[in-house]
Amino acid sequence: MAKKKVVSKAKKSTTKVAKKVTKAASRSTKKTATKAKKETAVAIKSSSDIELLLRQHVGKPCVPCVKKGDKVTVGTLIARPQGLGANIHSSVDGVVSKITDAAIFIKPSKALITMGKKVVKPVSAKKEDLLGRVAEAGVVGMGGAGFPTGVKLNVDLHGGYVLVNAAECEPILAHNMAQLVLFANETVKGIQYAMKITNAKQGIVAIKQKHSHEIESLLKALKGIDNIRIHLLPDIYPMGEERAIIRETLGILLPVTALPTEANSIVINVETVLRVYEAIELGRPVVSKKITVSGKIKGTENGVMVFHDVPIGVRVKDVINAAGGIDGKYGEIIMGGPFMGKPCSLDDPVTKTTGGIIVTEPFKDYKGAKVGLLVCACGADENRLKDIAKKYNMNVVDVEYCKQAKDPKGNGVYKCENPGNCPGQALKCMNIKKAGATEILISNCSDCTNTVMGSAPGLGLNVHHSTDHIFETVGMQVQRHLTKSKFVEGPIPEGCTASRNPESNEPGGIKQVSHSEAAKSSEDYSKPYVFKEDTPDGELVISIESGSDISVKYED
Amino acid sequence: MSISAEYAQEHLNDPAVLCCRREAGTKLSHHDFEDPAIFDDLVSSGLLKLDGALTIGQAMGSTLTKTMDSLNPILKDCVDKVQDVAASAVASSATPATPAQASSVTQSFSGGKLKIHIGEGKGIDLEIPMGLGGGAASTGATGTAAVGASATGSAVGGEKVVRTLTRKHFNITEVKRGKETKIDGTTLYIREGIEKEAVDSQELVHDLKVDIITKDNYHIYSETIMDTQPIATKEGDAELGTGVTRVLDNVVMMLTGTTDEGVQIGEFGSSEGYLDENVMWNRPSCPDHGDIIIRGTVKIENLKNMERPGPLAAHKAFDVITQEIRLALKELDEKYCVSKEEFKQVRRPGKKKVALVKEIMGQGAMHDNLILPVEPVGILGAHPNVDLCNVPVVCSPLEVLDGCIHALTCIGPASKEQSRHYWREPMVLEMLFDEEIDFAGVIFVGSPQINSEKFYVSKRVGMTCEAMDVEGAIVTTEGFGNNHVDFVSHIEQIGMRGIKVVGMSFCAKQGALVVGNKYVTAMVDNNKSEAGIENEILGNNTLCPEDAVRAIMMLKAEMTGEPIKKPEKEWNPNVKTQNIELISSVTGKPVELVKNEKSLPMSDKYKKKYANA
């Protein structure tokens, strides 16, 4: 099954767009990419001016520092952050053609844009100023969150952990794994820089056990480095969620309101660490993005292609055309992965957080069938589920939220209290049934979906998952019953740790510790919590659900 | 869905069913169990079979020996061992490291308690000063004794009569119009032209018609009935709830009305139509069959029907007439008094102390109640509970029976308690005459419109009950839906203080509780309708003696620790029938059930709207 081969050499042709792609089935593990070369030239024919959004990150939009008519080259700083944000650089040689409130448009000097070995204008910060280089290069979290990396790394972990998210948990996406085969040494260097900047004593790369080939490549790059280890994850969704990574690698389950620093750690995406390496060692600003293209693409038989350096700002359709073009009629185009991705238009530009571009089959018509939505924090949100229901021509009669989906800031951004571990869904399914639905459309994780399968079909509800049309497009089995273990089983490479069943005695397991226990070593949390209140002659009731070293004193 | 550690402890004897797939080797905790509250639904939909399931107590702490999917009961052969429930409780306090099993320490302390509960933990230090406990506790004991000793006065066998109320009844056989308002023997004359004064007294009232409706004339059209009131007055300077009250028998005041355009002054349904088809005679709230009805039909300014001043003006205008009758009643010769009734408010120290909490409407517009007027069901001197912010007001049972509530309520006609209801409130009468309990008082609490205010007032109800130190409480309400939010919150606030509580409401089919909590375990349904609905028949589903008897028995059962059976999944009128039979056989007194809408001629409106319900 596994085909991971590199289509050779970029052709310099004006008619046919040359491709440099890694073709891979996302579930591939076979050792076939040994001949991979480190050349990442990509030529994309731009159909119009490229569009660099002023907001490609968490925070406020950047402020342009060029004006219409300015000549720019690849790497020219074109916008600076105001407050939280990250620099934006030109990804092409050309002329600024238009500036709006939302974007800077650049007319490329050549319609065919190539990346790769291309000379890039380096950042000005000195090489010793590690953090300065990262910040200046405009690195942001490339797993999709877009948090400015210069801000994230500006922390003293006092010997804590840099946790590298290489879970690549979204099915179909393959660019993270491809990176680990092609750029393992650079990735490891990036981790070492991140550790140095944050004063961490340990780096941990969290990766799914099934990616044996990529693990092998990483292990090779880690030879002789004893403060970075690999942690093996089970093959369920989600494992890449920030707090899930912390729980799996450190054994600490943080509350939804906590930041990773409360577990003495930062979590950083595997592509982001590579960009950190590039910024520091090569002085290279972020001008390109690794993207997986999949779905109904001509000549791919619904396979998966990885583009290593797509210039930021080119159109989605140009990337699809570079991959072969859309094959016939389609349903929607998703930017991102099947679970968390959002529909986009052909004219939308690629940003620093674009991970996947997936073209789906047309939607089936359910002719107005009544549907109940079960919204999960780990997958599609309520609006996205309503969008899918509309595309299926379903009529929404009820919306339920998973018990564990919490909205701590009240801004509509939900987080799961314990990602990947189901709290039970029977009541939600019954509510949906009672609302008169015949269909149930869910966005749940592997474990919760499995639980829904335990009650919804029995209640006479037809189960649909928000990823169904995507999985069906690429010929994958749809999300339904869980047949795999939530734990890593069997032998693991020496020196690695793994998400073992806590009751098993297999080697490599991580000791589970409570949040408070973990916080004990952190300065912020070792402060005693003092609570004083006069108690009249009534009842004083103290209830401590869990904890350790609790002292209760009664003082007059 | 998975349950909390505390909830699991409460359900140790319920079947253990996995909420989600769990793999072999999982040590079972509360995180793994499905909520027993939904088992009925799961079983009836065929998703769950509970045969052979271990209890939560037996399964918690055991290790699964095979991977199992959600909604599978945990059987004996699925776990490494079956926990000994009794032993595990002991074991848990001995080994506090065992997760999810609570150990608790209770220490009597300074008249109250110091209660420390630690769900899980280690290295826990508690420092509590010694010697404080004993002394304070004995002070408390002496305190109680002192109260007992001071309760002398008119004490009979430890009982204390707090106050008495005497009702003098005067019979009326005929109501006529005349030159002046007076009572001549058994004939009541109402002054001709009094309507104009009534109308002029209120800016918003544009018209008021008075007619006198006798039994032969009950088949007469009426606008929606806003209130039915007794005609009663205090003798001398006596305050409401004490002294002597004079009341006219066989005659009632009935206020009806619309706006100028003819919009009924009602919200959820209205009772307009022929009186004989729309009034459930002889309910505490309603006219008795045979009563002479002095009916006022008002017209108020358009659009004012849904604002507070509108309905209030209608009541005020009508009271101009009632007040003139009251004054005539004061003058009536004592010789026409046909009977006397004496009500004693008796406190019985040593018996179980109980309170009655009556939730009354307080959302505004016609949902209001005037509390404590000078005259029975009068206006003067009373304060609308909306203006009192709906906070609890404690009244003596005799104040209630003396008309301390002038009701403006206009929720569904079938369940609303009109002013006459309080005058003869069956729950108050039942508790007043029950020698097995110490009836402490009646707490009125308004039902506000806004949720935050609902919880504000229900917390005050809890505090009031706590301060009264009662052992049990009965909470009643009228209407259903919106007011159920605070109704169940009252029950929660009372229940969480360790006070036993019984709720009374119309529920049945249409009025099923929209919210709930773990203290809503003892409920009496006031429904009388055949179909279990609000059918717009005035007073049909209000609290009657047959409901009061069940509530007090239920409260006594709770206070003596007898279990109350869980409700059935769907409304089943047989539950009431069985309970009534049970009570009759225990007390030896038959409980006569009141009639319902079936005893009335069916109106066209009813045929259209409800006959097929």
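Computed from a predicted structure; not experimentally measured. (Residues numbered from 1 in each chain as written. Chains lettered and ligands numbered in written order. Predicted model: local features only at pLDDT ≥ 70, side-chain atom pairs only at ≥ 80, totals over all residues. Heavy atoms only, no water.)

**Structural notes on the overall build of chain A**
Then, in step 1: What chain A contains, in helices and strands, is 14 helices and 30 strands.
Then, in step 2: Within chain A, the fraction of its 556 residues that count as buried is 56%.
Then, in step 3: Restricting to contacts in chain A with at least 6 residues of sequence separation, those with at least 24 account for 70%.
Then, in step 4: Of the roughly 23700 Å² that chain A leaves accessible, carbon and sulfur atoms contribute 50%. (Helix = DSSP H or I, 4+ residues; strand = E, 2+ residues; numbered from the N terminus. Buried < 20%, exposed > 50% of the residue type's maximum accessible area, 1.4 Å probe, protein only. Contact = heavy atoms within 4.5 Å. Areas by Shrake-Rupley, 256 points an atom, 1.4 Å probe, with all protein chains shown as cover.)

**Let's talk about helix α4 (residues 184–198) of chain A**
Then, in step 1: Taking 1.5 Å per residue, 15 residues should reach 21 Å; α4 of chain A reaches 21 Å between its end C-alpha atoms and fits that length.
Then, in step 2: Among all positions in α4 of chain A, only Ala184, Glu186, Thr187, Val188, Gly190, Ile191, Tyr193, Ala194, Met195, Ile197 and Thr198 of chain A are buried. (Expected span 1.5 Å × (residues − 1).)

**Considering the sheet that holds strand β22 (residues 405–407) of chain B**
Residues and elements named next belong to chain B.
Then, in step 1: Across the sheet, which stays open at both edges, the three strands sit in the order β20-β19-β22 with antiparallel pairing between neighbours. Two strands close off the open sheet at either side, each with one partner strand: β20 (383–384) and β22.
Then, in step 2: As defined by bridge partners, strand β19 (residues 369–371) adjoins β22 across three bridges and the pair is classed as antiparallel. Looking across to β22, one finds that Asn369 is bridged to Ala407. (Pairing = 2+ DSSP bridges.)

**So, empty space enclosed by the protein**
Residue and element names in this part refer to chain B.
Then, in step 1: All told, the structure shown has two cavities of 30 Å³ or more when counted by the stated rule.
Then, in step 2: In this structure, the largest cavity spans a volume of roughly 40 Å³.
Then, in step 3: Together, Ser415, Glu417, Thr477, Glu478, Ser505, Phe506, Asn526, Asn541, Thr542 and Leu543 line the largest cavity. (1 Å grid on protein atoms, 1.4 Å probe; cavity = no way out; pocket = protein on both sides within 12 Å on 5 of 7 lines; lining within 4 Å. Points joined across faces, edges and corners; volume = space filled by probe spheres on them.)

**Let's talk about the confidence of the model for chain A**
All names here are of chain A.
Then, in step 1: Averaged over all residues, the pLDDT of chain A is 86; the fraction at 70 or higher stands at 84%.
Then, in step 2: In this model, residues 1–39 is a region of pLDDT below 50 whose contacts with residues beyond four sequence positions or in other chains number 78 contacts.
Then, in step 3: Note that residues 521–536 has pLDDT below 50 and, in this model, eight contacts with residues that lie over four places away or in other chains. (pLDDT = per-residue confidence, 0-100.)

**Comments concerning the environment of Val359 of chain A**
Residues and elements named next belong to chain A.
Then, in step 1: Tracing the sequence through the fold places Val359 in strand β20 (residues 356–359).
Then, in step 2: Sequence separation of Val359 and Gly331 is 28 residues, and the distance between their C-alpha atoms is 7.4 Å.
Then, in step 3: In this structure, Val359 is in contact with Ser294, Gly295, Lys296, Ile297, Ile320, Ile326, Tyr330, Glu332, Ile333 and Thr473, ignoring residues within four places of it in sequence.

**Observations concerning the side chain of Ser415 of chain B**
Residues and elements named next belong to chain B.
Then, in step 1: Note that Ser415 resides in the loop between β22 and α10 (419–423).
Then, in step 2: At 3.0 Å, the side chain of Ser415 and the backbone nitrogen of Gly479 are in polar contact.
Then, in step 3: Apart from the residues within four sequence positions on either side, Ser415 is in contact with Glu478, Gly479, Phe506, Glu534, Asn541 and Thr542. (Polar contact = N/O pair within 3.5 Å; in protein donor to acceptor, adjacent residues only side chain to side chain.)

**Observations regarding the nonpolar core**
Then, in step 1: Among the nonpolar cores identified, the biggest contains 82 residues, and Ile106 and Val162 of chain A are the most heavily contacted of them.
Then, in step 2: Apart from residues lying up to four places away in sequence, Val162 of chain A is in contact with Leu157, Ala194, Met195, Thr198, Ala200, Gln202, Gly203, Ile204, Ile266 and Ile268 of chain A.
Then, in step 3: Counting residues in each nonpolar core, the second largest holds 41 residues, with Ile204, Ile334 and Phe471 of chain A together with Cys20 of chain B among its members. (Core = buried A, V, L, I, M, F, W, Y, C linked by side-chain atoms within 4.5 Å.)

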